[in-house]
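Here is what each chain is made of, one letter per residue.
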Amino acid sequence: MYIHKFGGASIKDAERIENVAKIIKENLDKSCLIVVSAMGKTTNAMEQIVQLYVDNKTAQAFEVLGAIKRSHYEVCDKILSPELSSHIKTELNDIFVEIEWMIEVPSEDPYNYIYDQIVSVGELASSRILQAVIHQLGIDSEWIDARGLIKTDNKHRNASVDWEQSKNLIQKECKPKLEAGKMLVTQGFIGCTSENFTTTLGREGSDFSAAIFASCLSANSMTVWKDVPGVMNADPAINEQAQLLSKLSYSEALAMTYYGAKVIHPKTIKPMQVDGIPLFVKSFLVPKDPGTEISSLEQEQSYPPIIIVDDNNIFLEMSSKDNTFVREAKLAV
Ligand code: ASP
(Lines give C-alpha, C1' and ligand atoms only; values in the text may rest on other atoms or scores of the structure.)
Protein backbone atom coordinates (compact mmCIF):
# COMPACT_ATOMS: atom_id res chain seq x y z
CA MET A 1 0.00 0.00 0.00
CA TYR A 2 1.36 3.36 -1.01
CA ILE A 3 0.38 6.95 -0.25
CA HIS A 4 0.94 9.75 -2.77
CA LYS A 5 0.31 13.40 -2.10
CA PHE A 6 -0.15 15.96 -4.86
CA GLY A 7 -0.08 19.63 -3.79
CA GLY A 8 -1.86 22.66 -5.22
CA ALA A 9 0.91 23.52 -7.73
CA SER A 10 0.79 20.04 -9.27
CA ILE A 11 -2.92 20.40 -10.12
CA LYS A 12 -3.17 24.15 -10.66
CA ASP A 13 -4.75 23.91 -14.13
CA ALA A 14 -6.01 21.46 -16.75
CA GLU A 15 -2.50 20.72 -18.14
CA ARG A 16 -1.07 20.05 -14.70
CA ILE A 17 -3.98 17.78 -13.77
CA GLU A 18 -3.39 15.80 -16.97
CA ASN A 19 0.29 15.55 -16.07
CA VAL A 20 -0.61 14.18 -12.62
CA ALA A 21 -3.03 11.69 -14.17
CA LYS A 22 -0.20 10.54 -16.46
CA ILE A 23 2.15 10.10 -13.49
CA ILE A 24 -0.53 8.08 -11.73
CA LYS A 25 -1.17 5.87 -14.75
CA GLU A 26 2.47 5.29 -15.66
CA ASN A 27 4.25 5.18 -12.33
CA LEU A 28 1.93 4.28 -9.49
CA ASP A 29 1.04 0.94 -8.03
CA LYS A 30 -2.72 0.27 -8.18
CA SER A 31 -3.01 -0.23 -4.47
CA CYS A 32 -2.49 3.39 -3.54
CA LEU A 33 -4.26 6.21 -1.82
CA ILE A 34 -3.89 9.65 -3.34
CA VAL A 35 -4.21 12.76 -1.20
CA VAL A 36 -4.74 16.09 -2.96
CA SER A 37 -4.68 19.76 -2.05
CA ALA A 38 -6.95 22.39 -3.52
CA MET A 39 -6.10 23.52 -7.07
CA GLY A 40 -3.41 26.23 -7.27
CA LYS A 41 -4.24 29.17 -5.04
CA THR A 42 -7.87 28.16 -4.40
CA THR A 43 -7.40 28.10 -0.61
CA ASN A 44 -6.26 31.75 -0.63
CA ALA A 45 -9.34 32.69 -2.67
CA MET A 46 -11.60 30.76 -0.28
CA GLU A 47 -10.00 32.67 2.61
CA GLN A 48 -10.94 35.88 0.80
CA ILE A 49 -14.58 34.69 0.67
CA VAL A 50 -14.54 34.09 4.43
CA GLN A 51 -13.28 37.60 5.08
CA LEU A 52 -15.79 39.23 2.70
CA TYR A 53 -18.62 37.24 4.28
CA VAL A 54 -17.77 38.19 7.85
CA ASP A 55 -17.37 41.81 6.71
CA ASN A 56 -20.93 41.60 5.29
CA LYS A 57 -19.65 42.14 1.73
CA THR A 58 -21.93 39.43 0.38
CA ALA A 59 -21.98 40.53 -3.26
CA GLN A 60 -18.18 40.51 -3.43
CA ALA A 61 -18.05 37.13 -1.69
CA PHE A 62 -20.37 35.75 -4.38
CA GLU A 63 -18.17 37.25 -7.09
CA VAL A 64 -15.04 35.50 -5.81
CA LEU A 65 -16.96 32.23 -5.40
CA GLY A 66 -18.34 32.59 -8.94
CA ALA A 67 -14.81 32.91 -10.33
CA ILE A 68 -13.65 29.82 -8.42
CA LYS A 69 -16.62 27.82 -9.67
CA ARG A 70 -16.02 28.90 -13.25
CA SER A 71 -12.35 27.95 -13.17
CA HIS A 72 -13.20 24.46 -11.85
CA TYR A 73 -15.92 23.98 -14.48
CA GLU A 74 -13.53 25.11 -17.24
CA VAL A 75 -11.02 22.48 -16.14
CA CYS A 76 -13.75 19.81 -16.30
CA ASP A 77 -14.72 20.89 -19.81
CA LYS A 78 -11.10 20.84 -20.97
CA ILE A 79 -10.12 17.40 -19.74
CA LEU A 80 -13.26 15.31 -19.32
CA SER A 81 -15.58 13.87 -21.94
CA PRO A 82 -18.77 15.98 -22.34
CA GLU A 83 -20.89 13.44 -20.40
CA LEU A 84 -18.41 13.04 -17.56
CA SER A 85 -17.79 16.78 -17.41
CA SER A 86 -21.48 17.51 -17.06
CA HIS A 87 -21.82 14.84 -14.35
CA ILE A 88 -18.83 16.14 -12.36
CA LYS A 89 -19.96 19.77 -12.73
CA THR A 90 -23.30 18.80 -11.16
CA GLU A 91 -21.42 17.21 -8.27
CA LEU A 92 -19.18 20.26 -7.91
CA ASN A 93 -22.26 22.44 -7.95
CA ASP A 94 -23.63 20.47 -5.00
CA ILE A 95 -20.39 21.15 -3.14
CA PHE A 96 -20.34 24.88 -3.96
CA VAL A 97 -24.05 25.43 -3.35
CA GLU A 98 -23.58 24.68 0.35
CA ILE A 99 -21.27 27.68 0.55
CA GLU A 100 -23.74 29.81 -1.40
CA TRP A 101 -26.49 28.92 1.08
CA MET A 102 -24.16 29.71 3.93
CA ILE A 103 -23.01 33.13 2.74
CA GLU A 104 -26.52 34.21 1.76
CA VAL A 105 -27.41 34.79 5.40
CA PRO A 106 -25.38 36.60 8.05
CA SER A 107 -24.00 34.39 10.81
CA GLU A 108 -23.18 34.70 14.47
CA ASP A 109 -20.94 31.63 14.33
CA PRO A 110 -17.29 31.96 15.37
CA TYR A 111 -14.87 33.02 12.60
CA ASN A 112 -12.76 29.85 12.76
CA TYR A 113 -15.82 27.63 12.41
CA ILE A 114 -17.03 29.61 9.37
CA TYR A 115 -13.51 29.46 7.92
CA ASP A 116 -13.38 25.67 8.01
CA GLN A 117 -16.82 25.21 6.43
CA ILE A 118 -15.90 27.49 3.53
CA VAL A 119 -12.20 26.85 2.93
CA SER A 120 -12.50 23.03 2.95
CA VAL A 121 -14.44 23.18 -0.33
CA GLY A 122 -11.21 23.64 -2.34
CA GLU A 123 -9.99 20.11 -1.55
CA LEU A 124 -13.45 18.56 -1.98
CA ALA A 125 -13.65 20.00 -5.50
CA SER A 126 -10.10 19.25 -6.70
CA SER A 127 -10.18 15.64 -5.51
CA ARG A 128 -13.49 15.09 -7.30
CA ILE A 129 -11.98 16.31 -10.58
CA LEU A 130 -8.79 14.26 -10.24
CA GLN A 131 -10.71 11.07 -9.50
CA ALA A 132 -12.87 11.65 -12.57
CA VAL A 133 -9.77 12.11 -14.73
CA ILE A 134 -8.17 8.87 -13.60
CA HIS A 135 -11.48 7.05 -13.95
CA GLN A 136 -11.55 8.32 -17.53
CA LEU A 137 -8.12 6.74 -18.03
CA GLY A 138 -9.62 3.39 -17.12
CA ILE A 139 -8.17 3.17 -13.60
CA ASP A 140 -10.42 1.42 -11.08
CA SER A 141 -10.72 4.12 -8.44
CA GLU A 142 -13.00 5.70 -5.88
CA TRP A 143 -13.43 9.18 -4.40
CA ILE A 144 -13.41 9.11 -0.61
CA ASP A 145 -14.52 11.90 1.71
CA ALA A 146 -11.67 12.39 4.22
CA ARG A 147 -14.16 13.84 6.71
CA GLY A 148 -15.54 10.36 7.28
CA LEU A 149 -12.06 9.12 8.16
CA ILE A 150 -9.96 11.80 9.83
CA LYS A 151 -11.68 12.60 13.11
CA THR A 152 -10.56 15.64 15.05
CA ASP A 153 -11.43 17.82 18.03
CA ASN A 154 -13.31 21.07 17.40
CA LYS A 155 -10.30 23.41 17.40
CA HIS A 156 -11.28 24.91 14.07
CA ARG A 157 -8.45 25.94 11.71
CA ASN A 158 -5.92 23.92 13.69
CA ALA A 159 -7.73 20.76 14.69
CA SER A 160 -5.97 17.92 16.53
CA VAL A 161 -6.40 14.41 15.20
CA ASP A 162 -8.10 11.68 17.19
CA TRP A 163 -5.59 9.04 16.10
CA GLU A 164 -7.36 6.02 17.52
CA GLN A 165 -10.72 6.76 15.96
CA SER A 166 -9.17 7.80 12.65
CA LYS A 167 -7.04 4.66 12.49
CA ASN A 168 -10.09 2.44 13.03
CA LEU A 169 -12.09 4.26 10.37
CA ILE A 170 -9.27 4.40 7.83
CA GLN A 171 -8.46 0.72 8.24
CA LYS A 172 -12.10 -0.29 8.01
CA GLU A 173 -12.94 1.87 5.01
CA CYS A 174 -9.72 1.97 2.97
CA LYS A 175 -7.78 -1.22 3.64
CA PRO A 176 -10.14 -3.73 1.96
CA LYS A 177 -10.49 -1.50 -1.10
CA LEU A 178 -6.76 -0.97 -1.43
CA GLU A 179 -6.09 -4.66 -0.94
CA ALA A 180 -8.54 -5.37 -3.75
CA GLY A 181 -6.37 -3.18 -6.03
CA LYS A 182 -8.60 -0.12 -6.05
CA MET A 183 -7.04 3.32 -6.15
CA LEU A 184 -8.50 5.80 -3.67
CA VAL A 185 -8.54 9.57 -4.08
CA THR A 186 -9.14 11.76 -1.05
CA GLN A 187 -8.55 15.26 0.30
CA GLY A 188 -5.70 16.64 2.33
CA PHE A 189 -6.11 19.39 4.93
CA ILE A 190 -9.62 18.48 6.11
CA GLY A 191 -11.17 16.43 8.88
CA CYS A 192 -14.37 16.33 10.88
CA THR A 193 -15.53 16.55 14.48
CA SER A 194 -17.64 13.87 16.16
CA GLU A 195 -20.62 16.21 15.60
CA ASN A 196 -19.88 16.10 11.85
CA PHE A 197 -18.59 19.64 11.48
CA THR A 198 -15.77 20.08 9.00
CA THR A 199 -12.39 21.05 10.45
CA THR A 200 -9.02 21.90 8.90
CA LEU A 201 -5.57 20.91 10.09
CA GLY A 202 -3.75 24.21 9.46
CA ARG A 203 -2.50 25.84 6.24
CA GLU A 204 -0.35 23.57 4.08
CA GLY A 205 -1.71 20.67 6.12
CA SER A 206 -2.22 18.21 3.25
CA ASP A 207 1.23 16.65 3.74
CA PHE A 208 0.19 15.93 7.30
CA SER A 209 -3.09 14.36 6.11
CA ALA A 210 -1.09 12.06 3.85
CA ALA A 211 1.12 11.12 6.81
CA ILE A 212 -1.99 10.30 8.86
CA PHE A 213 -3.20 7.93 6.13
CA ALA A 214 0.28 6.42 5.75
CA SER A 215 0.61 5.80 9.47
CA CYS A 216 -2.93 4.45 9.93
CA LEU A 217 -2.49 2.05 7.00
CA SER A 218 1.14 1.11 7.85
CA ALA A 219 1.92 2.05 4.25
CA ASN A 220 5.00 0.75 2.44
CA SER A 221 5.97 4.31 1.60
CA MET A 222 4.63 7.81 1.11
CA THR A 223 5.58 10.14 -1.74
CA VAL A 224 5.08 13.89 -1.80
CA TRP A 225 5.15 15.26 -5.38
CA LYS A 226 6.59 18.79 -5.66
CA ASP A 227 7.73 21.29 -8.29
CA VAL A 228 11.36 20.89 -7.11
CA PRO A 229 13.64 17.87 -7.66
CA GLY A 230 13.37 16.82 -4.00
CA VAL A 231 14.62 18.22 -0.70
CA MET A 232 17.42 20.64 -1.48
CA ASN A 233 19.99 22.30 0.75
CA ALA A 234 18.51 25.71 -0.17
CA ASP A 235 15.41 27.04 -1.87
CA PRO A 236 16.18 26.68 -5.62
CA ALA A 237 13.92 29.68 -6.32
CA ILE A 238 16.41 31.94 -4.51
CA ASN A 239 19.63 30.00 -4.71
CA GLU A 240 20.77 28.80 -8.12
CA GLN A 241 23.40 26.56 -6.61
CA ALA A 242 20.94 24.62 -4.48
CA GLN A 243 21.86 20.92 -4.37
CA LEU A 244 19.57 17.93 -4.11
CA LEU A 245 19.85 15.89 -0.92
CA SER A 246 19.26 12.37 -2.16
CA LYS A 247 19.03 10.77 1.27
CA LEU A 248 18.04 12.34 4.56
CA SER A 249 17.43 10.94 8.01
CA TYR A 250 14.08 11.60 9.67
CA SER A 251 15.87 13.68 12.33
CA GLU A 252 17.62 15.85 9.76
CA ALA A 253 14.36 16.36 7.82
CA LEU A 254 12.54 17.16 11.07
CA ALA A 255 15.16 19.73 12.01
CA MET A 256 15.02 21.32 8.53
CA THR A 257 11.23 21.65 8.54
CA TYR A 258 11.23 22.84 12.15
CA TYR A 259 13.65 25.63 11.25
CA GLY A 260 11.53 26.74 8.30
CA ALA A 261 12.37 24.63 5.21
CA LYS A 262 9.08 24.82 3.33
CA VAL A 263 9.39 21.67 1.26
CA ILE A 264 7.32 19.53 3.68
CA HIS A 265 4.90 20.45 6.45
CA PRO A 266 6.70 20.08 9.81
CA LYS A 267 4.04 17.77 11.31
CA THR A 268 4.58 15.22 8.51
CA ILE A 269 7.87 13.66 9.54
CA LYS A 270 7.02 12.43 13.04
CA PRO A 271 4.35 9.84 12.11
CA MET A 272 6.67 8.53 9.36
CA GLN A 273 9.55 8.23 11.82
CA VAL A 274 7.45 6.52 14.51
CA ASP A 275 6.22 3.89 12.05
CA GLY A 276 9.48 3.68 10.04
CA ILE A 277 7.72 4.50 6.76
CA PRO A 278 10.06 5.84 4.03
CA LEU A 279 9.06 9.26 2.75
CA PHE A 280 9.99 10.21 -0.81
CA VAL A 281 9.96 13.76 -2.15
CA LYS A 282 9.84 13.76 -5.95
CA SER A 283 9.30 16.17 -8.81
CA PHE A 284 6.01 16.04 -10.69
CA LEU A 285 7.85 17.78 -13.55
CA VAL A 286 10.50 15.04 -13.85
CA PRO A 287 8.73 12.01 -12.35
CA LYS A 288 11.41 9.48 -13.35
CA ASP A 289 14.08 11.21 -11.24
CA PRO A 290 14.67 9.58 -7.88
CA GLY A 291 14.19 12.69 -5.70
CA THR A 292 14.91 12.47 -1.97
CA GLU A 293 14.41 9.53 0.32
CA ILE A 294 13.80 10.33 3.98
CA SER A 295 14.21 7.29 6.22
CA SER A 296 16.03 6.02 9.29
CA LEU A 297 19.55 6.04 7.91
CA GLU A 298 21.93 3.76 9.66
CA GLN A 299 25.06 5.45 8.47
CA GLU A 300 25.89 9.01 9.44
CA GLN A 301 25.47 11.23 6.38
CA SER A 302 27.46 14.31 5.64
CA TYR A 303 25.32 17.07 4.25
CA PRO A 304 26.29 20.27 2.47
CA PRO A 305 25.51 23.46 4.43
CA ILE A 306 21.71 23.79 4.71
CA ILE A 307 20.41 27.29 4.08
CA ILE A 308 16.91 28.29 5.18
CA VAL A 309 15.65 31.79 4.55
CA ASP A 310 12.87 32.86 6.86
CA ASP A 311 11.62 36.19 5.59
CA ASN A 312 9.45 36.74 8.65
CA ASN A 313 12.49 37.52 10.75
CA ILE A 314 13.62 41.05 11.46
CA PHE A 315 17.08 41.70 12.78
CA LEU A 316 17.20 44.60 15.20
CA GLU A 317 20.44 46.27 16.09
CA MET A 318 20.28 48.54 19.09
CA SER A 319 22.95 50.78 20.51
CA SER A 320 22.93 53.45 23.12
CA LYS A 321 23.64 57.09 22.20
CA ASP A 322 25.30 57.80 25.52
CA ASN A 323 26.10 55.71 28.54
CA THR A 324 23.44 57.05 30.89
CA PHE A 325 22.11 53.56 31.48
CA VAL A 326 25.27 52.83 33.48
CA ARG A 327 24.23 53.90 36.93
CA GLU A 328 26.75 54.32 39.68
CA ALA A 329 24.52 52.59 42.21
CA LYS A 330 24.63 49.43 40.12
CA LEU A 331 28.40 49.47 39.99
CA ALA A 332 28.94 50.24 43.67
CA VAL A 333 30.17 47.32 45.77
N1 ASP B 1 -4.98 23.81 0.47
C2 ASP B 1 -4.41 24.00 1.78
C3 ASP B 1 -3.47 25.19 1.75
O4 ASP B 1 -3.24 25.76 0.69
C5 ASP B 1 -3.73 22.79 2.30
C6 ASP B 1 -2.53 22.33 1.50
O7 ASP B 1 -2.43 22.63 0.32
O8 ASP B 1 -1.68 21.66 2.05
O9 ASP B 1 -2.97 25.57 2.78
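Procedures and definitions
- Numbering of residues begins from 1 in every chain and follows the order in which that chain's sequence is written.
- With pLDDT at 70 or above as the cut-off, local features in this predicted model cover only qualifying residues; side-chain atom pairs require 80 or more to be listed or tallied, and sums for whole chains, interfaces and linings still use all residues.
- As a convention, hydrogens and water are excluded, and side-chain values are obtained from all of the structure's heavy atoms.
- Residues are classed as near a molecule or strand on a simple rule: at least one heavy atom within 4 Å of it.
- A 3.5 Å cut-off defines polar contacts: any pair of N or O atoms within that distance qualifies, except that in protein one atom must be a possible hydrogen donor and the other a possible acceptor, and neighbouring residues in sequence count only when both atoms are side-chain atoms.
- Each accessible area is a Shrake-Rupley estimate made with a 1.4 Å probe; only the visible protein chains count as cover when residues are assessed.
- Side-chain classes are defined by residue name, with Ala, Val, Leu, Ile, Met, Phe, Trp, Tyr, Cys and Pro counting as nonpolar, Asp, Glu, Lys and Arg as charged, and the others, Gly among them, as polar.
- Only one rule defines a salt bridge in this text: a Lys or Arg side-chain nitrogen within 4 Å of an Asp or Glu carboxyl oxygen.
- Numbering goes from the N terminus for both helices and strands, where a helix is a DSSP run of H or I of at least four residues and a strand is a run of E of at least two.
- Each residue gets one of three labels from its accessible area relative to the maximum for its type: buried under 20%, exposed over 50%, partly exposed in between, using a 1.4 Å probe on protein chains only.
- Whether two residues are in contact is decided by their heavy atoms: any pair within 4.5 Å suffices.
- Put simply, a patch holds well-exposed residues, over 30% relative accessible area, that have no salt bridge, with like charges counted together within 9 Å and Val, Leu, Ile, Met, Phe, Trp or Tyr side chains within 5 Å.
- Each axis is a line fitted through C-alpha atoms, and for a helix only the stretch in contact is used; angles between axes span 0 to 180 degrees, taken between their N-to-C directions.
- Angle categories: roughly parallel below 35 degrees, roughly antiparallel above 145, roughly perpendicular from 65 to 115, and oblique for all the rest.
- Two helices crossing with the near one rotated counterclockwise from the far one by less than a right angle form a left-handed crossing, whereas a clockwise rotation gives a right-handed crossing.
- For two strands to be treated as a pair, DSSP must find at least two bridges joining them.
- Centres within 6.5 Å are what make two rings of Phe, Tyr or Trp a pair, Trp counting through its six-membered ring; a difference in plane orientation under 30 degrees is then read as stacked, over 60 as edge-to-face, and the rest as tilted.
- In this analysis the charged atom, NZ for Lys or CZ for Arg, is taken to sit over a ring once it is within 6 Å of the ring centre and within 35 degrees of the ring normal.

For the site of the ligand, give the residues involved together with the corresponding values.
The environment of the ligand is formed by Ser37, Ala38, Thr43, Glu123, Phe189, Arg203, Glu204, Gly205 and Ser206. The contact in question runs from a nitrogen atom of the ligand to an N or O atom on the side chain of Glu123, over 2.6 Å. When isolated, the ligand has an accessible area of 260 Å², and the protein chains bury 92% of it. Residue composition of the shell around the ligand, by class: two nonpolar, four polar and three charged.

Hey, could you go over the pattern of salt bridges for me, with residue numbers and the actual values?
What the rule picks out here adds up to 13 salt bridges. For Lys69, the salt bridge identified is with Glu100, shortest N-O distance 2.6 Å. Highlighted residues: Lys69 in helix H3 (residues 58–79) and Glu100 in helix H4 (residues 82–104), separated in sequence by 31 residues. Exposure remark for Glu100: the relative accessible area of 15% places this residue in the buried category. The partner of Arg128 in a salt bridge is Glu91, and the shortest N-O contact between them spans 2.1 Å.

Tell me about the environment of Ile103, and please be specific about residues and values.
Residue placement: Ile103 occurs in helix H4. We classify Ile103 as buried; its relative accessible area is 1%. Placed 15 residues apart in sequence, Ile103 and Ile118 show a C-alpha to C-alpha distance of 9.1 Å. For Ile103, the contacting residues outside a window of four places in its chain are Ile49, Tyr53, Thr58, Ala61, Phe62, Leu65 and Ile118.

Now, about a nonpolar patch on the surface: what can you tell me, with residues and values included?
Taken together, the side chains of Ile238, Ile307 and Val309 present a nonpolar region at the surface, about 280 Å² in accessible area. For Ile238, the position within the fold is in the loop between strand E7 (221–226) and strand E8 (247–249). Residue Ile238 is classed as exposed on the basis of its relative accessible area, which comes to 60%.

Just give me the short version of the packing of helix H2 (residues 42–54) against H3, but keep the residues and values in it.
Where H2 meets H3, the closest approach of the two axes is 8 Å, and the angle between their N-to-C directions is 160 degrees. By the criterion of interaxial angle, the relationship of H2 to H3 is roughly antiparallel. The hand of the H2/H3 crossing is left-handed. In contact with Thr42, Ala45, Met46, Gln48, Ile49, Leu52 and Tyr53 of H2, H3 contributes Thr58, Gln60, Ala61, Val64, Leu65, Ile68 and His72. Looking at side-chain class alone, the contact of H2 with H3 contains nine nonpolar, five polar and no charged residues.

Pulling in residues and values, what's your account of the sheet that holds strand E4 (residues 183–187)?
The strands making up a sheet associate through backbone hydrogen bonding, with each pair oriented either parallel or antiparallel. Taken in spatial order, the eight strands line up as E3-E4-E2-E1-E7-E9-E10-E8 in an open sheet, and their pairing is mixed. On the outer flanks of this sheet lie strand E3 (141–143) and E8, each paired with one strand and no other. Between one strand axis and the next, the sheet turns by 20 degrees as a mean value, whatever way the strands run. Pairing of E7 with strand E9 (residues 279–283), which is carried by five bridges, proceeds in the parallel orientation. Bridging across to E9, Thr223 finds its partner in Phe280.

I'd love a proper account of the pairing of E9, names of residues and values included.
Buried residues dominate E9, accounting for four of its five residues. As defined by bridge partners, E9 adjoins strand E10 (residues 292–295) across three bridges and the pair is classed as antiparallel. Counterpart to Val281 in the pairing with E10 is Thr292.

How would you summarise the packing of aromatic side chains if you had to cite specific residues and measurements?
On inspection of all chains with the given rule, the structure shows four aromatic pairs. Relative to Trp225, the ring of Phe6 has its centre 5.7 Å away and its plane inclined at 10 degrees; by these criteria the two rings are stacked. Note that Phe6 is positioned in strand E1 (residues 2–6) and Trp225 in strand E7, a separation of 219 residues in sequence. For Phe6, a relative accessible area of 0% gives the class buried. Centroid distance Trp163 to Phe208: 6.4 Å. Interplanar angle 65 degrees. Geometry classified as edge-to-face. Taken together, the residues span a long stretch of sequence, with Trp163 in helix H7 (residues 163–179) and Phe208 in helix H8 (residues 206–216) at a distance of 45 residues. A relative accessible area of 32% places Trp163 in the partly exposed class. A relative accessible area of 8% places Phe208 in the buried class. Stacked on the ring of Tyr115, the Lys or Arg Arg157 has its end atom at 4.0 Å from the ring centre.

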